[in-house]
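These are the residues of each chain, in order.
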Amino acid sequence: MTDGRTSRRLLLGVLVGLLVGTPALATNGMYLAGYGAEAAGRGGANIAIADRALGLQANPAGIAQLQGNHLSVDLQFLMPELGYSGPYGTIDGEDNVFSMPSISYVHGGADSKWAWGIGLVSQGGMGATFEGYNTPAMTVDDTYSQVRFATLVPTVAYSISEDVSIGLSANLGYSDVAFDFWPDTPNGMEMTDPAKAFNYSFRAGLMARVHPMVQLGLVYQTETKGDYKDGTLVINYGPAGKYAFDADVSGFTWPEQFGAGMQIRPTEKLMLAFDVKTYLWSRSLQTITVEPGSPQGAAPPAPAPPFIPFEFDWSDQIVAIVGAEYRLNHAITLRAGYNRGNNPVPDETVTPLFPAIVEKHATVGVGWNLQSWTINGAIEKGFQTTQTNTGAPSPINPFAGSTVSHSQWTVSLGFTKVFSSKKSKGGQ
């Protein structure tokens, strides 16, 4: 029992360390448009490409195409631009720069059909801070939200033949959830200590070269489960003051996913990539419930509500990606891409707490090959999406009639070291 708890605490410490400072707004729902600078430069297209070590995040089968030992370190900086207008005023969201680090390692051998890898990956999340609402209680107050998610990704892949490989990853994650909703206003609340969960899911992938110039990829990921426990919820009882409660969060699940991709190489220097992904948010993100438990410290003047619902009712999301790479010379590779995903947030439930509504992204990137080292960079623009809450006003929909806007810049940097620089079987 002690060894198990020690292992869990070690995993927790590593994943929390990865998450420090990263309550970010992702741009395909709660996920990044692309993971790592190489994929980000192509708009996120990566399902049919053996893309160095961090490719295990997209399609675990791809690492079977890598020979030698590959170490990748990636850092992505997200810079959201948020706006609110409605019954409580007109407010610009707080300007923040969020960092999303990842590190991955893959071992592949020329004489073995097996390859293995492991990654620590900032999976995604969302967060927004608005200060200066003119509330119905005649106070000036704020809202804040934070969802963070990082995973440890052990991966194994097998080459069935020179042209076909399969792979499997486990996603062993930590995530947490916190929010403020008008905490200095009577009946307002804030989760001062996040509710935390260990999450788990599995990803399976297939990669197949069907023509010397064409490679296909398929990927499936199970729903990511976890129970969010051990939060602290503080409720404002007006003149009686604020009281803290133990709190859990239920109904928060990361979605089941499907994806398919195609890589085409019309010339030795040019690569085109096409991906389609589906996130089944309708099965995973409907009603999020905060459940106050026992008071912490003094008993409040009245019991806390048995549960506090947040209606999401997100719909399924289909993301289509077109990407390209052009190898200018041995040292320089140029990249560009376009990523389009339908907005999963319905008009009836959109709020400034969770404005993950961006739909269109354009990207450019460059890679610089220094023999065994590769340096990659990418810039992504998430174009502004504006959405108005058309639901009926109610205690669980206080933002009826409000409009939220969201756009975003993302800068990605990546460094890859190849310890055995044999050419990969995938032609990368």
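Structural notes, computed from the coordinates.

**Concerning the overall build of the protein**
So, step 1. Tallying secondary structure elements over the protein gives 2 helices and 20 strands in all.
So, step 2. In terms of overall dimensions, the protein is globule-like: its C-alpha atoms have a radius of gyration of 23 Å, near the 22 Å expected for 428 residues.
So, step 3. Here the protein, with 428 residues, has 56% of them falling under the buried criterion.

**Quick notes on empty space enclosed by the protein**
Empty pockets left among the atoms are what a rolling probe the size of a water molecule brings to light.
So, step 1. For the coordinates displayed, the defined rule picks out 5 cavities of 30 Å³ or more.
So, step 2. Taken as a whole, the largest cavity encloses approximately 260 Å³ of empty space.
So, step 3. For the lining of the largest cavity, the element with the highest residue contribution is strand S12 (residues 257-264), accounting for 3 residues.
So, step 4. Counted by class, the lining of the largest cavity contains 9 nonpolar, 8 polar and 2 charged residues.

**Here's the deal with the layout of surface pockets**
So, step 1. If you add up the space inside the second largest pocket, you get close to 490 Å³.
So, step 2. Lining the second largest pocket are 23 residues, with Pro 309, Phe 310, Pro 395, Ile 396 and Pro 398 positioned closest to its centre.
So, step 3. The greatest single-element share of the lining of the second largest pocket, amounting to 4 residues, is contributed by strand S15 (residues 308-311).
So, step 4. By residue class, the composition of the lining of the second largest pocket is 16 nonpolar, 5 polar and 2 charged.

**Here we look at a nonpolar patch on the surface**
So, step 1. A contiguous nonpolar patch, built from Trp 114, Trp 116, Ile 118, Val 156, Leu 168, Leu 172, Tyr 200 and Phe 202 and spanning about 770 Å² of accessible area, is present on the exposed surface.
So, step 2. Residue assignment for the nonpolar patch shows that the elements contributing at least two residues are strand S4 (114-134), strand S6 (164-181) and strand S8 (195-211).
So, step 3. Considering every element that reaches the nonpolar patch, the biggest residue donor is S4, with 3 residues.

**Points about the pattern of salt bridges**
Opposite charge on two side chains lets them pair, provided their charged atoms get close.
So, step 1. According to the stated counting rule, one finds 11 salt bridges in the structure shown.
So, step 2. For the salt bridge of Glu 38 with Arg 335, the shortest nitrogen-to-oxygen distance reads 3.8 Å. Taken together, the residues span a long stretch of sequence, with Glu 38 in helix H2 (residues 37-41) and Arg 335 in strand S17 (residues 332-341) at a distance of 297 residues.
So, step 3. What emerges from the salt-bridge pattern is a single network uniting Glu 38, Arg 42, Arg 52, Glu 325 and Arg 335.

**Brief notes about a negative patch on the surface**
So, step 1. A contiguous patch of negative charge on the surface is contributed by Glu 81, Asp 92, Glu 94, Asp 95 and Glu 131.
So, step 2. Tracing the sequence through the fold places Glu 81 in strand S1 (residues 68-86).

**A look at the pairing of strand S5 (residues 140-159)**
So, step 1. The element S5 is largely enclosed, with a buried count of 14 among its 20 residues.
So, step 2. Counting the residues in the hairpin turn of S4 and S5 gives 5 residues, including Met 138, whose phi is positive at 65°.
So, step 3. The pairing of S5 with S6 spans 15 bridges and is antiparallel. By the bridge assignment for S6, Val 156 is matched with Leu 168.
So, step 4. Here S5 hands over to S6 after 4 residues, the two strands then running antiparallel side by side.

The rules we used
Residues numbered from 1 in each chain as written. Predicted model: local features only at pLDDT ≥ 70, side-chain atom pairs only at ≥ 80, totals over all residues. Heavy atoms only, no water. Helix = DSSP H or I, 4+ residues; strand = E, 2+ residues; numbered from the N terminus. Rg over C-alpha atoms; globule rule 2.2 N^0.38 Å. Buried < 20%, exposed > 50% of the residue type's maximum accessible area, 1.4 Å probe, protein only. 1 Å grid on protein atoms, 1.4 Å probe; cavity = no way out; pocket = protein on both sides within 12 Å on 5 of 7 lines; lining within 4 Å. Points joined across faces, edges and corners; volume = space filled by probe spheres on them. Nonpolar A, V, L, I, M, F, W, Y, C, P; charged D, E, K, R; others polar. Patch = residues over 30% accessible without salt bridge, like charges linked within 9 Å, V, L, I, M, F, W, Y side chains within 5 Å. Areas by Shrake-Rupley, 256 points an atom, 1.4 Å probe, with all protein chains shown as cover. Salt bridge = Lys/Arg side-chain N within 4 Å of Asp/Glu carboxyl O. Lys, Arg positive; Asp, Glu negative; His and termini not counted. Charge placed at Lys NZ, Arg CZ, Asp CG, Glu CD. Pairing = 2+ DSSP bridges.

This is a description of form; function is not addressed.
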